[in-house]
Amino acid sequence: MFFLKIKGKFYFSLIYIYLISLVFLYLIYRDFYLYKGQFTEFYVVYYILLLIAFIFALITFLFSEKTNQKIFLTFVSIFLSFYIVEIILNFYPIKKKVNLNNKKITIENTHDFSDHNFIGPDYFYNNNLDSKYYPLSGIANLNTIYCNENGYWATYKSDRYGFNNPNKVWDYLEIDYALLGDSFTHGACVNYPDTFAGNMSKVKKNKVISLGTSGNGPIKQYASYKEYLENKIVKNVVWFYFSGNDLEDVGSESKNNILKNYLINKNYKQNLIENIAEIESLKIKFLNTFHKENLNKKDLTLEVEREKKIKFIEYSFISFLKLTYLRENFLPNIPKKFFTIPDSNNIKMFEKILERTKNIVDQNNSKLYFVYLPSKNRYTGFNYIFLEKFLIKSVVKKLDIYFIDIHKDLFQKIDNPELYYSEHLNEKGYEIVAKKVLDMISSIK
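Quick caveat, the model's predicted, so the values are computed rather than measured.

Calculation criteria
- Residues numbered from 1 in each chain as written.
- Predicted model: local features only at pLDDT ≥ 70, side-chain atom pairs only at ≥ 80, totals over all residues.
- Heavy atoms only, no water.
- Helix = DSSP H or I, 4+ residues; strand = E, 2+ residues; numbered from the N terminus.
- Buried < 20%, exposed > 50% of the residue type's maximum accessible area, 1.4 Å probe, protein only.
- Contact = heavy atoms within 4.5 Å.
- Areas by Shrake-Rupley, 256 points an atom, 1.4 Å probe, with all protein chains shown as cover.
- Disulfide = S-S within 2.5 Å.
- Patch = residues over 30% accessible without salt bridge, like charges linked within 9 Å, V, L, I, M, F, W, Y side chains within 5 Å.
- Salt bridge = Lys/Arg side-chain N within 4 Å of Asp/Glu carboxyl O.
- Phe/Tyr/Trp six-rings, centres within 6.5 Å; stacked < 30°, edge-to-face > 60°.
- Pairing = 2+ DSSP bridges.
- pLDDT = per-residue confidence, 0-100.

A. Spotlight on the overall build of the protein chain. In terms of helices and strands, the protein chain carries 16 helices and 9 strands. Expressed as a percentage of the 445 residues in the protein chain, the buried residues total 46%. Of the contacts formed within the protein chain by residues at least 6 apart in sequence, a portion of 76% connects residues at least 24 apart. On the protein chain, roughly 24100 Å² of surface is accessible, and the fraction owed to carbon and sulfur atoms is 59%.

What follows is the structure, encoded as C-alpha cells:
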C-alpha cells in the first residue's frame, strides 16, 4: 500500500489499479486453486470486465487530479448505494408473483430431496456398475415422492414400467401422443394432472404416454422409444428437447458401456420389458439400501444443523461483501455455457440418434415433432446460446422434422416468461406449453 502515500495527479489511478489487482488475484484463487480450472469458462466474463476496468484505470492517468477526484467520489457513491440496496434486500427479499386465471403463484425454490423415494436411472446405474441393465425409468407400481419446487411434494403412482403415467394407458391399442424427454417431460415438480402428459390428455380425451424420466438425455430418450413403443401404434411422437443440458447429455451417455450400444447398433435393445422382473428386483433392493442410508444420515441431523449455524454468520458476511442479493435480483446470470462452442461430436451423435428415431417413426406411419424448450436462464439474464440453438434447429430441419420453438412461438410473446418457471416449469408453465404444442400440431395437420 506504499502508493497510498503518494499525492498528486496519479493518486486515484493507482488506487484503481491496486483494487483491480486484488480482485484479479481473488479470481485466480477461485478459478485455479479453489475450483482447479473446472469453471474457467464461467469466469471469462469477469476477466473481460476486469480488463475493461484496467483499461479505464490506465486512461485516468490522462485526466486531471480534479477530474479523477470527481470520478472517484462517483464510484464511492455508487458502491455505497449498492450496499444500501443489498441491506434492504437482505431484510425485504423480492418475491416474484404472477396472477394467472385468478390463481396466485409464488415462485420459490424449496428444494429438499431428503424425503423422496424416486431413484433415477443414473443414480441406480452409478451405484450398481456391475448391472447388466441400464434402466430408463423409476421403480414400477410405486407410490413415488418425486420433488419439491413449488411448495409441495409432487407425487404419483408409477405405471407398470416405472414411468409417470396411469397404468391403463398401456392397455390402449392406439396412442395419440407419445412424449420423449427428461425431467420436464417426467413432470418435475408438479402432480400428474399438471404435467405435459396430464394437460394433453385433458384435451379431447387424448391417449398420452410419457416416457420422460429425470436425467434422461437424447440417447436414453431414443432408447426408451425403442424399448417400450417401437411396436406400438402411436399417431404422434413428441420429442421435448431441453436447451439447458440435453446436448451435453449426449456426450456423457455415449461413454456408457451399455448406452453406447444404441449408437453403435441400430438394432440393439436391452429388452427391458422382457426382463422387467429381474430389473425391478434390482431397483427395489437398491431402494431399500438407499432408505437405510438415509435413516443413518438422520442421526447426524442435529450435528449438521449446528454446523450450519456456525457457518451462517461467515456466509452472510461474505455474501454481503459480494452483493449476493443484488446480483441475483438485478444482474444477468451468465453461465459458463454461454462461452462454450457446442461439441461437434455431440452434434453428430445427436443427429444420428434423431435420425434413427425418425426412421422408426416413419416405418410405423407416425409423425415426429421436435419441441425446443428454453431454459429459465433465458429469461433471467443474458444467457441465450444462439449457436447451440442454431445447430440443433439445423439438424431438425435437415431431417425434415417439424420444429416447435417454445421461446419464439410462446414465451417471446408474453410478459415475464420467467414467472412460468420454478426451476423446472410450474403448473401454469406446463399448461401453456402443452396447449401451445397441441395447437401447433393441430395447425399443420
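B. Inspection of the state of the cysteines at higher detail. Counted according to the given criterion, the structure contains 1 disulfide. Note on cysteine connectivity: Cys147 is disulfide-linked to Cys189, with sulfurs 1.9 Å apart. The sign of the -115° torsion about the S-S bond sets the Cys147-Cys189 disulfide as left-handed. On the criterion of sequence distance, the pair formed by Cys147 in the loop between β3 (143–145) and β4 (155–157) and Cys189 in the loop between α5 (183–186) and α6 (196–202) is long-range, its members being 42 residues apart. The two residues Cys147 and Cys189 agree in class, both being buried.

C. View of a nonpolar patch on the surface. Where nonpolar side chains cluster on the molecular surface, the patch consists of Tyr26, Tyr29, Tyr33 and Leu34 and spans about 430 Å² of accessible area. Its location among the elements puts Tyr33 in helix α1 (residues 11–34).

D. Quick peek at the pattern of salt bridges. Under the definition given, this model contains 14 salt bridges. The salt bridge partner of Lys358 is Asp362, with a shortest N-O separation of 2.7 Å. Taken together, the positions of Lys358 and Asp362, both in helix α13 (residues 344–363) and 4 residues apart, correspond to about one turn of that helix. Judged by relative accessible area, which is 17%, Lys358 ranks as buried. A relative accessible area of 38% means that Asp362 is categorised as partly exposed. With a shortest N-O distance of 3.1 Å, Asp439 and Lys435 are connected by a salt bridge. On the criterion of helical spacing, the pair formed by Asp439 and Lys435 is a turn pair, its members being 4 residues apart in helix α16 (residues 427–443). In this structure Lys435 comes out as exposed when scored by relative accessible area, which is 53%. Three or more residues are tied together by salt bridges with common partners; here these are Asp122, Lys220 and Glu253.

E. Looking closely at helix α8 (residues 246–253). Within α8, 6 of the 8 residues are buried, which leaves it mostly tucked inside the rest of the structure. For α8, the complete set of buried residues consists of Asp246, Leu247, Asp249, Val250, Gly251 and Glu253.

F. Geometry of the packing of aromatic side chains. According to the stated counting rule, one finds 34 aromatic pairs in the structure shown. Ring geometry for Tyr379 versus Phe411: centroids 5.6 Å apart, planes at 75°, classification edge-to-face. Separated by 32 residues along the polypeptide, Tyr379 in the loop between β8 (367–373) and α14 (386–398) and Phe411 in the loop between α15 (406–409) and α16 bring together distant segments of the chain. Each member of the pair, Tyr379 as well as Phe411, is classed as buried. One aromatic cluster in this structure is built from Tyr11, Phe12, Tyr16, Phe56, Phe72 and Phe75.

G. Structural detail: the pairing of strand β5 (residues 174–180). For β5, the buried fraction is high: 6 of the 7 residues fall into the buried class. With 6 bridges connecting them, β5 and strand β7 (residues 233–242) associate as parallel partners. If you follow Leu180 over to β7, its bridge partner there is Trp239. Where β5 meets strand β6 (residues 208–210), 3 bridges bridge the pair, whose relative direction is parallel. Paired with Tyr177 across the two strands is Val208, which belongs to β6.

H. Representation of the confidence of the model for the protein chain in the model. On average, residues of the protein chain score 82 in pLDDT, and 79% of them reach the 70 mark or higher. β6 holds the highest mean pLDDT among the elements of the protein chain, 98, whereas strand β2 (residues 103–106) holds the lowest, 36. pLDDT under 50 marks residues 1–6. Its contacts with residues more than four places away, or in other chains, come to 9 contacts. Segment residues 295–315: pLDDT under 50, and 1 contact once partners within four positions in sequence are set aside and those in other chains are kept.

I. View of the environment of Lys397. With respect to the helices and strands, Lys397 occurs in helix α14. Given the relative accessible area of 46%, Lys397 is considered partly exposed. Sequence separation between Lys397 and Phe370 is 27 residues, and the spatial gap between their C-alpha atoms is 9.8 Å.

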